[in-house]
Amino acid sequence: MPKNYLIGVDIGTQGTKAVVVSKEGEVLGIGFEEYQVEQPRPSWAEQWPQVWEEAVYHTIRSSVERAGVPPTDVAAICISGLYGGSGVPVDRDLKPLRPCLIWMDRRATDEVRWVKENVDLEKLFRITGNYVDTYFGYTKILWVKRHEPEVWKRAYKFVPPSSYVELRLTGQLAVDFSSAGNLGGVFDLHRLTWSEEMAKALGIPLELMPERLVPSTEVVGELTSEAAKRCGLVAGIPVVAGGIDAPMATLSAGAIEPGDNVAMMGTSTCWGVVHRGEGLSPDLVSMPHVVNPSEEIYTWGGSATSGALIRWFRDQFGQAEKEAGEKLGLDPYRLLDLKAQEVPPGSEGLLVLPYFMGERAPLWDPKARGTLVGLTLYHTKAHLYRALMEAAAYSLRHSIETGKECGLRIKEETRVVGGVAKSKLWTQILADVTGRPILTPEGNVEAPLADALLAGIGIGLVPDHRRIVEWIGTVQRVEPREEVHAKYDRYYRLYRKLYQDISETMHALVDLEGGEI
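This write-up is about the structure you can find in this document. Here the residue numbering is sequential within each chain, running from 1 through the sequence in written order. The model is predicted, so local features are restricted to residues of pLDDT at least 70 and side-chain atom pairs to those at 80 or more, both for listing and for counting; the totals for chains, interfaces and linings are taken over all residues. Computation of side-chain values covers all heavy atoms of the structure but excludes hydrogens and water.

**Examining the sheet that holds strand E1 (residues 5-11)**
Next up, step 1: Two strands make a pair as long as DSSP finds a minimum of two bridges between them. Secondary structure elements are taken from DSSP: a helix is a run of H or I of four residues or more, a strand is a run of E of two residues or more, and numbering for both begins at the N terminus. Strand order in this open sheet of six strands is E3-E2-E1-E5-E14-E13, and the pairing throughout is mixed. Strands at the two margins of the open sheet, each flanked by one partner only, are strand E3 (27-34) and strand E13 (219-222). Put simply, the sheet's adjacent strands are angled 20 degrees from each other on average, direction ignored.
Next up, step 2: Both strand E5 (residues 74-81) and strand E14 (residues 238-240) contribute to a ladder of two bridges, which runs parallel. Directly across from Cys-78, in E14, lies its bridge partner Val-240.
Next up, step 3: Between two residues, a contact is recorded if the distance between any of their heavy atoms is within 4.5 Å. To obtain each axis, a line is fitted to C-alpha atoms, and for helices this fit is confined to the stretch in contact; angles are then taken between N-to-C directions over 0 to 180 degrees. Its contacts with the sheet place helix H6 (residues 161-170) against E1, E5, E13 and E14, and it is angled at close to 145 degrees to E5.

**Structural notes on the layout of surface pockets**
Next up, step 1: Here the largest pocket is characterised by a volume of approximately 1,200 Å³.
Next up, step 2: Cavities and pockets were defined on a 1 Å grid built from protein atoms only: a cavity is a group of points that admits a 1.4 Å probe but offers it no way out, a pocket is an open group of points flanked by protein on both sides within 12 Å along at least five of seven lines, and a lining residue is one with an atom within 4 Å of any such point. Taken together, 42 residues make up the lining of the largest pocket; nearest its centre are Gly-266, Gly-419, Val-420, Lys-422 and Glu-446.
Next up, step 3: Sort the elements by how many residues they give to the lining of the largest pocket and helix H11 (residues 307-317) lands first, with five residues.
Next up, step 4: Residues that form the lining of the largest pocket fall into these classes: 19 nonpolar, 11 polar and 12 charged.
Next up, step 5: Looking at the second largest pocket, its volume works out to about 400 Å³.
Next up, step 6: What lines the second largest pocket is a set of 16 residues, among which Gln-14, Gln-39, Met-104, Ala-308 and Trp-312 lie closest to the centre.
Next up, step 7: For the lining of the second largest pocket, the per-class residue count stands at eight nonpolar, six polar and two charged. Grid points are joined across faces, edges and corners, and a volume is the space filled by probe spheres set on the points. Each residue receives one of three labels: charged for Asp, Glu, Lys and Arg, nonpolar for Ala, Val, Leu, Ile, Met, Phe, Trp, Tyr, Cys and Pro, and polar for the others, Gly being one of them.

**A look at the pairing of E3**
Next up, step 1: Alignment of strand E2 (residues 15-22) against E3, held across seven bridges, turns out to be antiparallel. In the strand pairing of E3, Lys-17 is matched with Phe-32.
Next up, step 2: Here E2 hands over to E3 after four residues, with Gly-25 in that stretch at a positive phi of 95 degrees.

**Focus: the sheet that holds strand E21 (residues 414-417)**
Next up, step 1: As summarised here, the arrangement of the seven strands in space is E17-E18-E16-E15-E21-E22-E23, forming an open sheet in which the pairing is mixed. Two strands lie at the open edges of the sheet, namely strand E17 (285-288) and strand E23 (475-478), each paired on one side alone. Mean inter-strand twist for the sheet, computed between neighbouring axes without regard to direction, equals 30 degrees.
Next up, step 2: In this sheet, E21 lies alongside strand E15 (residues 261-265) in parallel orientation, the contact comprising three bridges.

Read these as layout, nothing more, since geometry by itself doesn't imply function.
Okay, structure coming up:
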């Protein structure tokens, strides 16, 4: 009997999702498990890889059960993952030595300063296509080297999140090109290999990098008996490499040509565009794309917090909505949306800078901080909630404008996937703030759908990545409203000016608390 079902898994920052998909692209079952980010100090962010591993086991098992398909009919699995930061430092027995310093972690400020003072930044950009910031994994690796010598002494490899889980599933260690490129610093974007020259300049031995680098469609290994038992599957199923979640989500939204651009708006925002090498800039982040990596590059910018802002607001101020939601069987976010949609665009004079965890591209400021300006006794919780939504939209516009300034060819429509796309209010705000039509694929499965697609490509069950257009089917379109866009245009100019006006004060506050935020 032919094996016709594919499993896609995405390891996210706040949860893991698995889907079971037929070879025709029908989503048959979904599994999801939520977890937390450990934050031992302000703006530190780390996770033990066992959390991801257990979540992958559980979500695969639950998705297969909900799909009602025989485990013996599963043809392949593919896994994507969050921006892995430092990666997981493992010893020679491949056991983790400490939690992974994930993308959200901003502690490596001294290491960034050292790189800027001691490394040829022009050469760094020319080789890697990227710049220097606490966001990049190589600066986090340097932090471990400097601050945790015992871990450094015992470290055998630094392994990205999806690669770590694939190692646990198959016993084979490999890193896809997008994950390697996202590490920055020591990866040659043009040659698709580790850079000996940059590794030497940075003082990071290349022996610490996994030797096997592969395309996202390559089979890493086969599911072991032990892993199969944990997943509720059978041994021997091929496991395909996958890649970083943002380019995977971009593919899942139907971006298949240069100029296609997608905002993956979950915990953070990653607005990215597919291109052939034009418009590379140190203001943005670039990595090999998860399809055609030798020809196509995925370049992105985006806020470190978008959905995280709303989750923070729900957890801190939305207890009434959470309780009401439990009683009524409604999503508390939906209840908050209903109130916020009664607030006029601009939140009646409120302006938020969404830099609650510093900021990545294109601002590159780990000392930036969340800011609320214009608050009066008239304003309500609904005003604050809407202002946070608008802040994420302003940040998205900033990234798109930066991409244009860098010379990237960007199509006039922007696709949006992720939790933000579930909110009709938020997608309308995105359209009105950016002045661009916003497209949201029906179903909004995000990266796991592209994982399933690449699983099929990796074993020859799916012909090529263009099949995703048929898989996603209907796409909803939200048009910007001209008058509202004109109003938001004035707010956006103030948004850009506000950061310039108060950045010095932000930095002073951080330094007052010791600098490591």
